[in-house]
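One letter stands for each residue in the lines below.
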Amino acid sequence: MKRAIVLSGGGGKGAYQIGFWKAIRELGIKYDIVTGTSIGALNGAFMVQGNFSDAVKLWHSMDYSKIIEGGMDGSFYAPKGRRKVIFKYAKGAVQGGLSVPGLEKVIIDNLKPKSFYSSEIDYGLVTVKFPSLKPVMMVKKEIPKDLLADYLLASASCFPAFKMKEINNENYIDGGYYDNMPIDLAIKLGADEIIGVDLRSPGKKRKLKDSNIPVTMISSKNTIGNFLVLEKYQARRAMKLGYNDTMKTFDMLEGDYFTFKKGSLKRNYYRLNKIFYDNLNCYINKNSCKGKYKKLYTKEKEKYFNCILENVMKSFEFDDTIIYRCYYVNTLIKKKYKKEKDATYSLLKKTIKVDKLNKAFIDKELICYIYKEINKGILSKKTINKLKNIFPDSFLCAIYLKTIIEK
C-alpha cells in the first residue's frame, strides 16, 4: 500500500495544510507520496523534506512584506486596509502581476535540496505554460536540482495577481489553471490510497480517472479566509482549523462547525436531553410536528441536538478555533446570557408583532428574547406559534438556553 498526500492550491489559506501536517504527525500517519499545486506544491515540498518546524515558523509570522515587493499598506481585515489591498492587487493585475521576490526568497531559504532528493517520499507538482495553457506535471526524478525552486515558484505563480515565472525562456503560471487538486498525478506515482487537503480556492479540479482508489478529503466548513490574504492573523487561524478538522476526520475530536473533545457531545446529550425534551414538549406536538422539529424525534435526534448547541455557540460568537468541552461551553453561554438579560427588545417585539422580519436582528438577541418570553409563561398560543414557526432555529436555541439555565 502506498499512501499519498494531495495538497490543493489556495494561496494565503495554505497554513491550513500545516495544521493538517501537525495532526497527522501526532496521529503517526505515514505517507509515501506528496503531490501539490501552487501553495500545495510548496507545502508539499516541505513535507517531503520534513522541515515541519520551519514551515510552522514561516506561516506563524506570515506577512505581505515577506512575499510581495513593497508589502501592503494596511490589513485586509480592516475596512480601509481592505480597500488598499484590493486596489494594489487590481493595479498589479492590470500591469501584468505583482512582483514577488519575497516568495522566491522564502522558497530558497526553506528549501533543502539534499533532504528533498534523498527523501524516500516521492513528489509531484503541477504548473501551466503560458500562453498555450499546456499543463506540466513534474515529478521529483524529472526536476533538475538547480531548477527545483523555479518550478515551485512556477506552480505558485498566481497570474494575473502575481507575475508569471520564466524558466528556460518559457513562461509558467499557477498549476490551478489545470488541476488544483492533483490526485491523478499521485495515482500515476503509484498511490493506492489518498488523503487530500482541499483549501476550496479558485482553480480547476479534474474528474478522478480511477474511482477505485479510496480518497479521504479534508476541508473546512469554517471560513478560513481569502486566498490573496498574506497575514499572520489568517495564517494562525488556518493552522488551528487545519489541525482540528484533521483530528475530526480521523475521529480523535468531534463536532461540525466547532470542535469538541471526544465524547464530550455525547455526555452533554445524555446529561441534558430529558430536560430539553420536557421543555420542548410544552410547545411542540411530537406526533404532528414538521421540519426542524420533526428531526428531533428521529433516530438521529442526538445529531440534531448537537446542531442546536452549535447554533447557540454561533449566535453567541464563540471562537471556532478552540477545542471545547461542553460543560465549559454551557457555563460560558450562561455568562454571555447574563450580559443580555436586561435588554428590553422593544423594537424586536414590535417587528414580530406586525410580522415584519428585519434581518438586522442577530440570533443572539432573538434567542434571548424568546427565552425570556417563554420563561415568563404568559405568551398566548398564537404568539408562541408565530415565534416557533417563523424562527425555528432561534426557538430551539432558546429551549436549549432554558435547559442549561434550569440544569
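The structure contained in this document is the topic of the report that follows. (Residues numbered from 1 in each chain as written. Predicted model: local features only at pLDDT ≥ 70, side-chain atom pairs only at ≥ 80, totals over all residues. Heavy atoms only, no water.)

### Some thoughts on the packing of aromatic side chains
Convention followed: When two rings of Phe, Tyr or Trp (its six-membered ring) have centres within 6.5 Å they constitute a pair, described as stacked for plane angles under 30 degrees, edge-to-face for angles over 60, and tilted for the intermediate range. In this scheme, a residue with accessible area under 20% of its type's maximum is buried, one over 50% is exposed, and one in between is partly exposed, where area comes from a 1.4 Å probe on protein chains only. Note on conventions: DSSP H or I runs of at least 4 residues are helices, E runs of at least 2 residues are strands, and numbering of each starts at the N terminus. Any Lys NZ or Arg CZ found within 6 Å of a ring centre and within 35 degrees of that ring's normal is scored as a charge over the ring.
All chains considered together, the criterion is met by 21 aromatic pairs. Where F76 meets Y77, the ring centres are 5.6 Å apart and the plane angle is 85 degrees; that geometry is what we call edge-to-face. Residue class for Y77 comes out partly exposed when judged on its relative accessible area of 35%. Both rings, one in Y151 and one in Y172, keep their centres 5.9 Å apart while their planes meet at 75 degrees; by these two values the pair is edge-to-face. With Y151 in helix α8 (residues 148-155) and Y172 in strand β6 (residues 170-174), this residue pair connects regions lying 21 residues apart in the sequence. Here the aromatic residues Y269, Y270, F276, Y277, Y297, F305 and Y400 are joined through ring pairs into a cluster of three or more. Stacked on the ring of Y277, the Lys or Arg K301 has its end atom at 5.8 Å from the ring centre. Just above the ring of Y257 sits the side chain of K314; from NZ or CZ to the centre is 4.6 Å.

### Looking at the packing of helix α14 (residues 326-338) against helix α18 (residues 392-406)
Rules: A fitted line through C-alpha atoms represents every axis, and for helices the fit uses only the stretch in contact; the resulting angles, taken between N-to-C directions, go from 0 to 180 degrees. Angles are sorted into four bins: roughly parallel if under 35 degrees, roughly antiparallel if over 145, roughly perpendicular if 65 to 115, and oblique for all others. Whether two residues are in contact is decided by their heavy atoms: any pair within 4.5 Å suffices. Each residue is assigned to one of three groups, with Ala, Val, Leu, Ile, Met, Phe, Trp, Tyr, Cys and Pro labelled nonpolar, Asp, Glu, Lys and Arg labelled charged, and all others, Gly among them, labelled polar.
Taken N-terminus to C-terminus, the directions of α14 and α18 make an angle of 105 degrees; their axes are 10 Å apart at the nearest point. For the element pair α14 / α18, the angle class is roughly perpendicular. In this structure, α14 uses N330, I333, K334 and Y337 to contact α18, whose residues at the interface are Y400, L401, I404 and I405. Of the residues assigned to the contact of α14 with α18, the class counts are six nonpolar, one polar and one charged.

### Digging into unusual backbone geometry
Each neighbour pair has its own omega, and for F130 with P131 the value is 15 degrees, a cis peptide bond. Along the chain, P131 turns up in the loop between β3 (122-130) and β4 (135-139). Omega for the peptide link from F159 to P160 comes to 10 degrees, which places this bond in the cis form. Inspection of the secondary structure assignment puts P160 in the loop between α8 and β5 (165-167). A positive phi angle, close to 60 degrees, is found at S38, a residue other than glycine. Residue classification places S38 among the buried residues on the basis of a relative accessible area of 7%.

### Digging into the sheet that holds strand β10 (residues 259-261)
Filter applied, for reference: Note on pairing: two strands pair once DSSP finds at least 2 bridges between them.
With respect to topology, three strands assemble into an open sheet ordered β9-β10-β11, the strand pairing being mixed. Every interior strand has two partners, whereas the edge strands, β9 (253-254) and β11 (323-324), have only one. Relative to β11, β10 runs parallel, the two sharing two bridges. Counted as the bridge partner of T259 is I323 from β11.

### Quick notes on the environment of K262
Operational definition: Residues adjacent in sequence count toward polar contacts only when both atoms are side-chain atoms; beyond that, a polar contact is any pair of N or O atoms within 3.5 Å, and within protein one must be able to donate a hydrogen and the other to accept it.
Looking at the secondary structure, you find K262 in the loop between β10 and α11 (264-280). Ignoring anything within four residues of it in the chain, the contact list for K262 reads D251, M252, E254 and R267. Of note is the side chain of K262, whose polar atom sits 3.2 Å from the side chain of D251.

### What about the pattern of salt bridges?
Note on pairing: side chains with opposite charge can pair once their charged atoms come close. Going by this rule: Take a side-chain nitrogen of Lys or Arg and a carboxyl oxygen of Asp or Glu: if they are within 4 Å of each other, that pair is a salt bridge.
Evaluation of the coordinates by the stated rule reveals 15 salt bridges. One salt bridge in this structure joins K112 and D54, with 3.8 Å as the shortest N-O distance. Taken together, the positions of K112 in the loop between α6 (101-110) and α7 (113-118) and D54 in helix α3 (residues 52-60) put the pair 58 residues apart, joining distant regions of the chain. Overall, the relative accessible area of 26% leaves D54 in the partly exposed class. Across the pair K274 and D278 runs a salt bridge whose closest N-O atoms are separated by 3.2 Å. Remark: D278 and K274 occur in helix α11; sequence separation between them is four residues, near one turn of the helix. K274 sits in the exposed class, given a relative accessible area of 59%.

### Brief notes about helix α10 (residues 232-249)
What counts, and what does not: The span one expects for a helix is its residue count, reduced by one, times 1.5 Å.
The end-to-end C-alpha separation of α10 is 25 Å, in line with the 26 Å expected for 18 residues at 1.5 Å each. Where burial is concerned, most of α10 is hidden: 13 out of the 18 residues are buried. Looking at the residues trailing α10, positive phi occurs at D251, about 65 degrees.

### Details of the environment of M137
Structurally, the position occupied by M137 is in strand β4. Separated by 69 residues in sequence, M137 and R206 place their C-alpha atoms 14 Å apart. The residues touching M137, leaving out its near neighbours within four places in the chain, are L125, V126, E142, Y178 and L185.

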